[in-house]
Amino acid sequence: MSRCCIAALLLLAAPALAEEAPAAWTVDDCVRQALATNGLVTQAQGRVREWQARVDEVRSAYWPKLQAIGYAAPMFRVTGTPADTDVQRDLTSWGPYLHFQGSLVEPISTFGRVEAGTRAAQERAAIEEARLDQVRTELAAQVREMYYLYLYAKSIRPSLATGRRALDEARKTADEEYEKASGKVTKVDLAKLAYGSSQLAQYEVQAEIGEGLAHAALAHLLGLADDAHLAIADESLPARPDTELPALASLLVVASEKRPEWSQIQHGKQAALSLAQAEKLANAPVAFVAGQLTADWTPMRPDAANPFVYDPYNQLVGGVAAGLSFDLDPAKAKAKAHAAEAMGEQVAGLEGFAKTGIPLDVRRAWDEARQADRMHAAAAEGSQAARKWLVFAGSAMVTGTGEARDLLEGLVAYLQGRRSELEALRLAHTARGNLLRALGLTGIEPEQPAAVAAIGR
Amino acid sequence: MDRRASHTARILGVSLIALTLVHAVAEAEEQDAAGRTRALVATLTKASGGEGEKALGLVDDYFDFDGITTQALAPRSDKLTSAERDEMRNRLRRIVRRAGALDAGAFFRKAKLTYGTVRSEGDSTVVPVHAEVPADDVDAVVELRWRQVGGKLRIVDVAFDGDSLVKDYQNQLARLFDKEGAAGILKKLDEREAAVAAKGAKKK
């Protein structure tokens, strides 16, 4: 491949931003960017354009068709007339021979065949548009998941850092007390602290690696280089929306209107019907008008002026006509028609599956979102209790009336509680994003159904 | 009838004036408590680590340490001798005073503070302060309870996320008393003061 081609490919592959890049990316900004530049969306858009081009291809059956050929060849001289039996060939004398033949055909009617084929291709293009919508909603849900995963890793790190400082100080003090043989610390206590430190180290590694990986994954979904720096608007996981989730019944109505699968099924049914019709008409003739012209010329042969004598070397023949063209293959046409009918059966089967499958998908997403909300509420209570445990154990240590064990156990409980709370919060946000997907929405539509506004982000 | 009516009217009038005055006083106290809270935070924030002793003196004006330590020992107070009670209060006062001045000051220096709506509760005024330290993952509401003591508004209790520190001191000390007696409490307070003093000497 030439260097120019490689350079051109690299330029085409360079990350492009949807509009002016925001200074700080909110979750909706990320979704917007992904929908504009993600490769899967571009691929799906390409399929739509492919089928739109096929509609034009089918329609082109009615456009004029021109065929022509012209050539020049050397020819030796022959003298005489068509009536002579004894002609003279002069192989020392050569000259040009020119030939042109052309025909222009304009189809007038295919007796419904092209019309049926056009409808089938149009419905097929509509299916691809619905598939594009499906790619968009799934991508939006993935973007939200990665966005909140990144924030989760970022949110947990301050508490881990606080825990690390406290634990390291506790270990230092414990080591000193142990060396002094003060009686306050035994080997068991030191081992417990070391074990706790190793647990904390694992959380730290997960958070550090997780933050970087989630950031790279988010950049990839946005169609950016994985080392692109995205300044995220949220400093930490945002609070869960305090609105109750809408009733399931209202969401099922939204899904019945917005899920792209319904559009795919409806257009699929029409496409199968139209295709079957087109295949049944495959043996129909094509009515046309056509013009044809043939011209030959050479000075190396005598020109027969008599129109009743066929002269292939010097002639001008042409004319226009109307006619019918047949291309009969009944067995093949029948087989193709049956194949199209079978496609219709497949679509009918999918429709039956979707009638219960889509509501089940919505129900499951709704249940998961409700469950996540309740789990987060419980985890937040636990985290608050653990925080109080830590604070009051600390205050008891300040006055000297508390035990170091209570403080350390409080620290462990606080870290575990905080981690659980943040994980539950992440899942609550992700579940709401998945609910939007189940409804057939990206969440950034300019106009949303009223029931959807309560879902929040 | 006229006399009774005018008497009733007088009583009602006086009551109304009294209520208005009480309300005005309460409002004034709320504003005063809010102002005192801000002043305390500003004072503690300005006193740097190197000026620890200076900060200790500054907090005396804001806290009712006598009341706090008395309340903390209240559940077992009747089981203590007068000398034990006084000694415990003195030691507890020194410890809590140090924590209030130095530890709180260090915290306020790095926290982002938002003052909440002040409210009256009986004879106290509660000032909520929302404190955030993102780097330490701290996000808590600390409530300072103010009351008139010796002609001045002073802090008589601090609550963390709605739970009283004084109440917790009461339970800690009661449990410690039940387990180890008065001598045990005095020993713990002694050890704590010694540990703090040793830490302070190490820093110098």
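Not measured: the values here are computed from a predicted model.

How each quantity is defined
Residues numbered from 1 in each chain as written. Chains lettered and ligands numbered in written order. Predicted model: local features only at pLDDT ≥ 70, side-chain atom pairs only at ≥ 80, totals over all residues. Heavy atoms only, no water. Helix = DSSP H or I, 4+ residues; strand = E, 2+ residues; numbered from the N terminus. Buried < 20%, exposed > 50% of the residue type's maximum accessible area, 1.4 Å probe, protein only. Contact = heavy atoms within 4.5 Å. Areas by Shrake-Rupley, 256 points an atom, 1.4 Å probe, with all protein chains shown as cover. Patch = residues over 30% accessible without salt bridge, like charges linked within 9 Å, V, L, I, M, F, W, Y side chains within 5 Å. Salt bridge = Lys/Arg side-chain N within 4 Å of Asp/Glu carboxyl O. pLDDT = per-residue confidence, 0-100. Buried area = accessible area lost by both parts, 1.4 Å probe. 1 Å grid on protein atoms, 1.4 Å probe; cavity = no way out; pocket = protein on both sides within 12 Å on 5 of 7 lines; lining within 4 Å. Points joined across faces, edges and corners; volume = space filled by probe spheres on them. Nonpolar A, V, L, I, M, F, W, Y, C, P; charged D, E, K, R; others polar. Pairing = 2+ DSSP bridges. Axes fitted to C-alpha atoms, helices over the stretch in contact; angles between N-to-C directions. Expected span 1.5 Å × (residues − 1). Parallel < 35°, antiparallel > 145°, perpendicular 65-115°, else oblique. Left-handed = near helix turned anticlockwise from the far one by under 90°. Phe/Tyr/Trp six-rings, centres within 6.5 Å; stacked < 30°, edge-to-face > 60°. Lys NZ or Arg CZ within 6 Å of the ring centre and 35° of its normal.

Our next topic: the overall build of chain B. A count of helices and strands for chain B gives 5 helices and 6 strands. Mapped from its N terminus to its C terminus, chain B presents α and β elements in the order α-α-α-α-β-β-β-β-β-β-α. In chain B, which comprises 204 residues, the share counted as buried stands at 37%. For chain B, restricting intrachain contacts to residue pairs at least 6 apart in sequence, the fraction spanning at least 24 positions comes to 52%. A total of about 11,600 Å² of accessible surface is found on chain B, and carbon and sulfur atoms cover 56% of it.

So, on to a nonpolar patch on the surface. The grouping of A:Phe111, A:Leu324, A:Phe326 and A:Leu328 at the surface amounts to a nonpolar patch, some 440 Å² of accessible area in total. Turning to its location among the elements, A:Leu324 is positioned in strand 4 (residues 315-325).

Turning our eyes to something else, we now look at the confidence of the model for chain B. Averaged over every residue, the pLDDT of chain B is 83; the share at 70 or more is 80%. Confidence scores differ between elements of chain B, with helix 2 (residues 52-59) of chain B showing the lowest mean pLDDT of 69 and strand 6 (residues 163-164) of chain B the highest of 94.

Should the charged atoms of two oppositely charged side chains come close, the side chains can pair. Taken as a whole, this structure holds 45 salt bridges over all chains when the rule is applied. For A:Glu235, the salt bridge identified is with A:Lys154, shortest N-O distance 3.9 Å. Separated by 81 residues along the polypeptide, A:Glu235 in the loop between helix 5 (187-221) and helix 6 (248-258) and A:Lys154 in helix 4 (residues 113-180) bring together distant segments of the chain. Judged by relative accessible area, which is 22%, A:Lys154 ranks as partly exposed. Its salt-bridge partner being B:Arg94, residue B:Glu193 comes within 2.8 Å of it at the nearest N-O pair. With B:Glu193 in helix 5 (residues 165-203) and B:Arg94 in helix 4 (residues 82-110), this pair connects stretches of sequence that are 99 residues apart.

Despite not being glycine, A:Ala181 shows a phi value in the positive range, around 55 degrees. Position of A:Ala181 relative to the elements: it lies in the loop between helix 4 and helix 5. With relative accessibility at 62%, the residue A:Ala181 sits in the exposed group. The phi dihedral of B:Asp137 falls on the positive side, at around 60 degrees, and the residue is not glycine. Residue placement: B:Asp137 occurs in the loop between strand 3 (124-133) and strand 4 (138-149). Residue classification places B:Asp137 among the buried positions, given a relative accessible area of 11%.

On the side of chain A, 23 residues touch chain B, which itself brings 26 residues to the contact. Carbon and sulfur atoms supply 48% of the area that chain B and chain A bury against each other, a total of about 1,900 Å² over both sides. Broken down residue by residue, the surface that chain B buries against chain A is led by B:Asp137, B:Phe160 and B:Gln172, which jointly contribute 28%. Where chain B packs against chain A, one counts 4 salt bridges.

Our focus in this paragraph is the environment of A:Leu221. Residues and elements named next belong to chain A. The topology assignment puts Leu221 in helix 5. The class for Leu221 is buried, based on a relative accessible area of 8%. Note: C-alpha distance between Leu221 and Thr37 (184 residues apart in sequence) is 8.6 Å. Sequence-distant contacts of Leu221, that is, excluding residues within four places in its chain, are made with Ala34, Asn38, Leu139, Gln142, Val143 and Met146.

Here we come to the environment of A:Leu248. Residues and elements named next belong to chain A. The residue Leu248 is located in helix 6 in this model. Taking the C-alpha atoms as reference points, Leu248 and Thr42, 206 residues apart in sequence, are found 33 Å from one another. Contacts of Leu248, omitting those with residues within four sequence positions, involve Val362, Arg363 and Trp366.

Let us look at empty space enclosed by the protein. Residues and elements named next belong to chain B. Here the structure, examined in full by the defined rule, presents 1 cavity of 30 Å³ or more. What the largest cavity holds in volume is close to 40 Å³. Listing elements by their share of the lining of the largest cavity, those giving two or more residues are helix 3 (65-73) and helix 5. Looking at the lining of the largest cavity, its residues break down into 8 nonpolar, 1 polar and 1 charged.

Below, the discussion takes up the sheet that holds strand 2 (residues 88-109) of chain A. Residue and element names in this part refer to chain A. Sheet architecture is open: 4 strands sit in the order 1-2-3-4, paired in antiparallel fashion. Each edge of the sheet is formed by a strand with only one pairing partner; in this case those strands are strand 1 (65-79) and strand 4. Between one strand and the next, the sheet's axes are offset by a mean angle of 15 degrees, whatever the strand orientation.

In this section: helix 5 of chain A. Residue and element names in this part refer to chain A. End to end, helix 5 covers 50 Å across 35 residues, agreeing with the expected 51 Å (1.5 Å per residue, within 8%). Those residues of helix 5 not exposed but buried are Leu190, Leu193, Ser197, Leu200, Tyr203, Ala207, Glu211, Ala214, His215, Leu218, Ala219 and Leu221. Tucked into the core, helix 5 has its buried residues touching helix 2 (27-37), helix 4 and helix 9 (404-439).

Further remarks concern the pairing of strand 5 (residues 152-160) of chain B. All names here are of chain B. Counting buried positions over the 9 residues of strand 5 gives 8, a clear majority of the element. The sheet contact formed by strand 4 and strand 5 spans 8 bridges and is antiparallel. Bridging from a neighbouring strand, Val142 pairs with Phe160 of strand 5. Where strand 5 and strand 6 come together, 2 bridges link them in antiparallel fashion.

Looking now at the packing of helix 2 of chain A against helix 4 of chain A. Residues and elements named next belong to chain A. Contact geometry of helix 2 with helix 4 gives a least axis separation of 9 Å together with a crossing angle of 140 degrees. The angle between helix 2 and helix 4 places the two elements in the oblique class. In this structure, helix 2 meets helix 4 at a crossing whose hand is right-handed. Contact with helix 2, carried on its side by Val27, Asp28, Cys30, Val31, Ala34 and Leu35, involves Arg136, Leu139, Ala140, Val143, Arg144, Tyr147 and Tyr148 of helix 4 and no other residues of that element. Grouping the amino acids of the contact of helix 2 with helix 4 by side-chain chemistry returns 10 nonpolar, no polar and 3 charged.

As for its position among the elements, B:Arg175 is in helix 5. Along the sequence, B:Arg175 and B:Arg76 sit 99 residues apart, while their C-alpha atoms lie 9.6 Å from each other.

All names here are of chain A. One pass over the full model with this rule turns up 7 aromatic pairs over all chains. Arranged with centres 6.4 Å apart and planes meeting at 65 degrees, the rings of Tyr71 and Tyr97 form a pair that is edge-to-face. Highlighted residues: Tyr71 in strand 1 and Tyr97 in strand 2, separated in sequence by 26 residues. Given the relative accessible area of 42%, Tyr71 is considered partly exposed. Measuring from centroid to centroid gives 5.6 Å for Phe76 and Trp94, while their planes differ by 75 degrees, and the two rings are edge-to-face. Here Phe76 is found in strand 1, whereas its partner Trp94 is found in strand 2, with 18 residues between them in sequence. Put simply, the rings of Tyr71, Tyr97 and Tyr313 touch in pairs and so form one group of aromatic residues. The residue whose ring lies beneath Arg54 is Trp51, and the NZ or CZ to ring-centre distance is 4.6 Å. When the ring centre of Phe76 is taken as origin, the NZ or CZ atom of Arg301, which lies over that ring, is 4.9 Å away.

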